Every structure is written in C-alpha cells, then in structure tokens.
Amino acid sequence: MSRLDTTPRLSPLPLTTLVSTDLIGVTRGRSFPSDELAHYASAGCGWVPANSALTPQDIIAASNPWGAHGDLRLIPDLSSRVTVDNGPDSEAPALDFIHCDVRETDGRPWGACPRTLLQDEVERYRTALGLQVYAAFEHEFNLNATPALPDRLAFSLQAQRQQAGFAGWLLGALRAGGVEPEMFLPEYGKHQYEITCRPSLGVAAADRAVNVREISREIARQMGLDLSFAPKTAENAVCNGVHLHLSLQDLSGDPVLHDAASANGLSSLGRHWAAGVLHYLPALCAFTAPTPVSYERLQPHHWSASHACLGQRNREAALRICPTVSLGGKPVANQYNLEFRAVDATASPHLAMAAVLIAGRLGIEQCLPLNAVTDEIPDELDEAQRRERGIIALPTTLAQALDCLRHSGALFEALPRPLVETYFALKAQELALTEALSPAERCEHYARIY
C-alpha cells in the first residue's frame, strides 16, 4: 500500500513588471509577484543610471555620463497598468506591466527620463499655453511565419485573412489592455500590416504606443510568428513608418487647430505650431528617426519624408494636414489634426513626442511664420522653387541629424543636459558599432532588434 503524497503542488505566481521605455525605445523593467504590488506602489524598485546609455546593440556606451555610479527608482504610474490575462497560447502567463517614471532615490525627477520630459512638456502646454495635447501613434510592421507564407496582394482581403487569427487575438488583447484599437489592415509591402488606435490625452498617448508594440510582440510570440517594427527589414523591402497624429484643445475641450476661414483650415495658432515643427525638423530627426537604418526610409518617393514641408493630403510631406469627413454630420474641427510622418519605431515614443511638442511650442512662442507649404511632391520641385517656399532637406544620415540637433539653438537649450549627454554618447557608440555594415546588413540587423 503506497503512502499518500501530501506535499503541496507548486503553481506559477502571477508576475507584474515595472517598466521604463528608454531613450532607444526599448521597454525594460523588473518583475515581482503581483500580490505584492502595494509594497512597490509608492517607492517603486531600484534602477541603474547607466541603463539609459544602452545602445540597440545591448552595449553600454563607454563615454556615458554615469559609469558605475548612482542609483535610481522606477516609480509606477498605477493608472497606466496594462493587463492581458490570456492569449492564443493557453499556457502563457498573463502580460501585466505598469509604466514608470525614473526618479532619484529621494523622489526628485531624474533628468534623463524621457517619460518625465514628456510629462513636463504636456504640463507646460497646459499652464503656459492653456492647451491640452491629444495624440495617437499609427504603427506599421512586418509579420512573417515559418515556413514562409505565400505573398498576397497589397491591401487585399486575402492578405487580411492570411493573418486573421493574429489580428483577432491582437485586437482582443489591445482592447483588454485599454489601448482602444481601431483598425488592423494589410499594407502595401509583403507581409506588412498596420495597427491604429484612438487618440488619448498627453503622456497616455506615448504609453499607448509602447503598449501596441509590446502586446503585438507578445501575441506574435505566442503564435510562433516573427514580427518586426524596424523601418526597413530588408534592402528591397517596403518601409515601416510610425505616424504621430496630434491635435490641440483649450482647457475646456474645444479644438484650436482649425479655422474654417483659412485656406487650408489651419488656425493662426496652428500655423505657428506647424512652423515651429518644420523649422526644427532636421534636428527632430535625431530623436524621431534615431538609427542608421531610419535613413533608408526617409528617401524621396517612399511616402515618408525627405524635406521639411506641410502638405494637405500629401503623403510625401513630413507634416500633413489629415483629411476630414462631413459624412454622418461629424464636426470638422473635432477631426482636424496634423500628422508627423518622419518617425519610426526605433524611436522612443515619449522622447519623440516630447521633442515634437517642444518644437511646436517654440513656434508659438516665437510667432514663427509658416512658409514651407506645398501639395506638390517636394522632390519634384527644383531647388529654386524649394528655396522660394522655404522647404529644406532633411538629414540623410543619423550623424547629420545629430549635428543638426547640436546646432538647433532654442530646441537644444530646451532639453535636459543629462538626457542630451546620455543620448549623444549612446548614439556615437551605435554609429561606431554599425558603420561597417552594408545597407542590406543594416536592415537585417535592426529588423532583429526592433
């Protein structure tokens, strides 16, 4: 007769992760048993300053300002918690994470935290300008199975149905995570798709961009699919962009970018804001197109951007006035928004959005005139025509963009020194690590990382 085994059976503990999305757009963090959240709610968990100097190649930049010194805390913003209990793999643990601000051990803000930079800029809009910022990020990505699935026609129902299982699980997971997904659609490139979500207020918009990326990766992982948000995954591939949609409201919730009496519907305040973004756009590229492979995308006739100009329904313009519809009696002013197109998913959403907002605010404060407007393809204008309209070329390399940032005057001065010093250090290291790669090798390298 056998003895009964009375040893308690172990079961996995649910885990919650405190996360920070760093200067290179990588989400990192530390996990603990979910039932101990109260213990970490106010004081967070430990973090290391040099983590902020990690390159996409997972090497800490040798010349970073921090070295082996210092300690920080990840302080959770409990309102930002994302929980997705289940997915296509029934054995996979729940996805549960909380966005954090990086702070000093006494609670003071840390100067190199991109989420804090965005929070501060959103608050400056509110207090100094009396404005609220609404934003949404659209993401394009490549989704491949092993073995490879046959190619399907662009935008086709066949392409949609080929990944219908992934799409259904993804939208369900995004909804469960509070992301408010709108559409999943096949794009122009082979095995290329796009996911859009509804706009949200302030910092939550950048958090939501991170949520889209991490939830998409989780569903793909559970389904055994290879997913990449990299701006170009192969030398001859169609590019993946991220489109940042921005609108401004007053503190009562009334839209302020639209003026029905103006030629393009853009209000006086909106014209100054757009002028600021265009004026500083070459420098903004250092944050919004922040890797060597980004400049494989910012090319003429790629439906991205190669010049700083504003266009209406023009997908070759770096800043675009988006279409509005009168169907269904929708008010035009409430739909009116500007789309910043010179951004990709190798960028930190918080840092990219903060930098664009700083540039727009400087345009308002400096009352910059809006000149660089065209509905023509900027590369099809000759040099004299571009010069007459104030249309300038964007950088063609990351090194050029970083140099533009160094010499951007008011934009550079508006950025915290610890963040800028760390950023320049890690980008210098990244350039050194990738300088010998061919264009094809560069695309493959970043496709694996992002």
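Per-chain numbering applies: the sequence of each chain, read as written, is numbered from 1 onward. Reporting of local features is limited, given that this is a predicted model, to residues whose pLDDT is at least 70; pairs of side-chain atoms are given and counted only at 80 or more, and all residues count toward the totals for whole chains, interfaces and linings. To get the side-chain values, all heavy atoms of the structure are used, and hydrogens and water are removed first.

- An unreviewed UniProt entry lists the protein chain under the name Glutamine synthetase family protein, with Pseudomonas citrulli as the source organism.

1. As for helix H5 (residues 203-222)
So, step 1. Helix and strand assignments follow DSSP, with helices taken as H or I runs no shorter than four residues and strands as E runs no shorter than two, numbered in order from the N terminus. Helix span is expected to be 1.5 Å times the residue number reduced by one. The first and last C-alpha atoms of H5 sit 29 Å apart over 20 residues, in line with the 28 Å expected at 1.5 Å per residue.
So, step 2. Working definition: with a 1.4 Å probe on protein chains only, accessible area under 20% of the residue-type maximum means buried, over 50% means exposed, and in between means partly exposed. Burial analysis of H5 places 16 of its 20 residues in the buried class, the great majority of the element.
So, step 3. Of the residues trailing H5, Gly224 is marked for its positive phi of about 70°.

2. Structural notes on the UniProt feature "domain: GS catalytic" (unreviewed entry) in the protein chain
So, step 1. In the numbering adopted here, UniProt assigns the feature "domain: GS catalytic" (unreviewed entry) to residues 114-450.
So, step 2. Taken end to end, residues 114-450 is 43% helix and 17% strand, and its two terminal C-alpha atoms sit 19 Å from one another. UniProt positions are given in the numbering used here, feature names are shortened, and annotations may be inferred rather than shown by experiment.

3. Regarding the nonpolar core
So, step 1. Phe166, Trp273, Leu281, Phe340 and Met353 are the most contacted members of the largest nonpolar core, which totals 130 residues.
So, step 2. At 11 residues, helix H9 (residues 349-365) tops the list of elements feeding residues into this core. To qualify as a nonpolar core, a set must consist of buried Ala, Val, Leu, Ile, Met, Phe, Trp, Tyr and Cys residues joined through side-chain atoms within 4.5 Å.

4. Quick word on empty space enclosed by the protein
So, step 1. The method works on a 1 Å grid over the protein atoms by themselves. A cavity is a set of points holding a 1.4 Å probe that cannot get out, a pocket is an open set with protein on both sides within 12 Å along at least five of seven lines, and residues with an atom within 4 Å of a point line them. Grid points are joined across faces, edges and corners, and a volume is the space filled by probe spheres set on the points. Applying the stated rule across the entire model yields 4 cavities of 30 Å³ or more.
So, step 2. Taken together, Ser20, Asp22, Leu23, Trp47, Asn51, Ser52, Val102, Trp110, Ala112, Cys113 and Pro114 make up the lining of the largest cavity.
So, step 3. Residue polarity follows a fixed list, in which Ala, Val, Leu, Ile, Met, Phe, Trp, Tyr, Cys and Pro are nonpolar, Asp, Glu, Lys and Arg are charged, and the others, Gly among them, are polar. For the lining of the largest cavity, the per-class residue count stands at 7 nonpolar, 3 polar and 1 charged.
So, step 4. Computed from the structure, the second largest cavity encloses a volume of approximately 90 Å³.
So, step 5. Taken together, 14 residues form the lining of the second largest cavity, with Arg152, Ala159, Gly189, Lys190 and His191 sitting closest to its centre.
So, step 6. Sorting the residues of the lining of the second largest cavity by element identifies helix H3 (157-162) and strand S9 (192-197) as the ones contributing at least two each.
So, step 7. Each residue belonging to the lining of the second largest cavity can be placed in one class, and the counts come to 6 nonpolar, 4 polar and 4 charged.

5. What to know about the pairing of strand S1 (residues 15-21)
So, step 1. Burial analysis of S1 places 6 of its 7 residues in the buried class, which makes it a mostly covered element.
So, step 2. If you look at the hairpin formed by S1 and strand S2 (residues 27-33), you'll find 5 residues sitting between the two strands, and Gly25 has a positive phi there, around 80°.
So, step 3. Between any two strands, pairing holds if DSSP finds at least two bridges. In the sheet, S1 pairs with strand S6 (residues 95-104) via 3 bridges, with the strands oriented parallel. By the bridge assignment for S6, Thr17 is matched with Phe97.

6. Thoughts on the pattern of salt bridges
So, step 1. Here a salt bridge means any side-chain nitrogen of Lys or Arg lying within 4 Å of a carboxyl oxygen belonging to Asp or Glu. Considering all chains together, one arrives at 22 salt bridges under this definition.
So, step 2. Close ionic contact of Arg126 with Glu123 constitutes a salt bridge, the shortest N to O distance being 2.8 Å. Of this pair, Arg126 and Glu123 both sit in helix H2 (residues 114-129), 3 residues apart, which is roughly one turn of the helix.
So, step 3. Residue Glu123 is classed as partly exposed on the basis of its relative accessible area, which comes to 36%.

7. As for the packing of aromatic side chains
So, step 1. Stacked, tilted and edge-to-face are the three classes applied to pairs of Phe, Tyr and Trp rings, where Trp contributes its six-membered ring and a pair requires centres within 6.5 Å; stacked means planes under 30 degrees apart, edge-to-face means over 60, and tilted covers the rest. In the structure shown here, the tally under the stated rule is 12 aromatic pairs.
So, step 2. Between Phe32 and Tyr40 the ring centres are 4.3 Å apart and the planes differ by 25°, which places this aromatic pair in the stacked class. Accessibility assignment for this pair places Phe32 and Tyr40 in one class, buried.
So, step 3. Seen in terms of ring centroids, Phe166 and Phe184 are 6.0 Å apart; in terms of plane orientation they differ by 55°. Their pairing is tilted. In this pair, Phe166 is assigned in helix H4 (residues 164-176) and Phe184 in strand S8 (residues 181-186), connecting sequence segments 18 residues apart.
So, step 4. One aromatic cluster is present, formed by Phe141, Phe166, Phe184, Tyr193 and Phe229 through successive ring pairs.

8. What to know about the side chain of Ser294
So, step 1. Within the secondary structure layout, Ser294 lies in the loop between helix H7 (281-288) and strand S13 (307-308).
So, step 2. Since its relative accessible area comes to 1%, Ser294 is described here as buried.
So, step 3. A distance of 2.7 Å separates polar atoms of two side chains, one belonging to Ser294 and the other to Asp344.
So, step 4. The criterion used for residue contact is that any of the two residues' heavy atoms lie within 4.5 Å. Dropping the residues within four chain positions of it, Ser294 is found in contact with Pro231, Ala289, Asp344 and Thr346. Polar contacts here mean pairs of N or O atoms no more than 3.5 Å apart (in protein, one a potential hydrogen donor and the other a potential acceptor; neighbouring residues in sequence count only if both atoms are side-chain atoms).

9. Re the layout of surface pockets
So, step 1. Empty space within the largest pocket amounts to approximately 1,300 Å³.
So, step 2. Around the largest pocket sit 47 residues that line it, and Glu138, His243, His245, Arg320 and Glu339 are the ones nearest its centre.
So, step 3. Counting residues per element, the ones that place at least two in the lining of the largest pocket are strand S7 (131-144), S8, S9, strand S12 (242-250), helix H8 (332-335) and strand S16 (338-343).
So, step 4. A total of 6 residues in the lining of the largest pocket trace back to one element, the largest contributor, which is S12.
So, step 5. Taken as a whole, the second largest pocket holds about 490 Å³ of empty space.
So, step 6. As for the second largest pocket, its lining consists of 21 residues, and the residues nearest its centre are Thr17, Pro93, Ala94, Leu95 and Asp96.
So, step 7. Of all the secondary-structure elements, those providing two or more residues to the lining of the second largest pocket are S1, S2, S6 and H5.

10. Remarks on a nonpolar patch on the surface
So, step 1. Every patch collects residues that have over 30% relative accessible area and no salt bridge, joining them within 9 Å if they carry like charges and within 5 Å if they are nonpolar side chains (Val, Leu, Ile, Met, Phe, Trp, Tyr). The Shrake-Rupley method, run with a 1.4 Å probe, gives the accessible areas here. Residue values count only the displayed protein chains as cover. Judged by side-chain polarity, Phe155, Tyr188 and Val238 come together as a nonpolar surface patch covering roughly 320 Å² of accessible area.
So, step 2. By relative accessible area, which is 32% here, Val238 ends up partly exposed.

11. Re unusual backbone geometry
So, step 1. With omega at 0°, the peptide bond leading from Thr146 into Pro147 counts as cis.
So, step 2. Its location among the elements puts Pro147 in the loop between S7 and H3.
So, step 3. Positive phi, close to 55°, is recorded for His191, a residue that is not glycine.
So, step 4. Mapped onto the elements of the fold, His191 is located in the loop between S8 and S9.

12. Considerations on the pairing of S16
Regular strands place side chains that alternate from one sheet face to the opposite one.
So, step 1. Across the 6 residues that make up S16, a large majority, 6, are buried.
So, step 2. Bridge count between S12 and S16: 4 bridges; the pairing is antiparallel. Counterpart to Val242 in the pairing with S16 is Val343.
So, step 3. Strand direction decides the pairing type here: strand S15 (residues 319-321) and S16, joined by 3 bridges, are antiparallel. Across the sheet, Arg320 pairs through a bridge with Glu339, a residue of S16.

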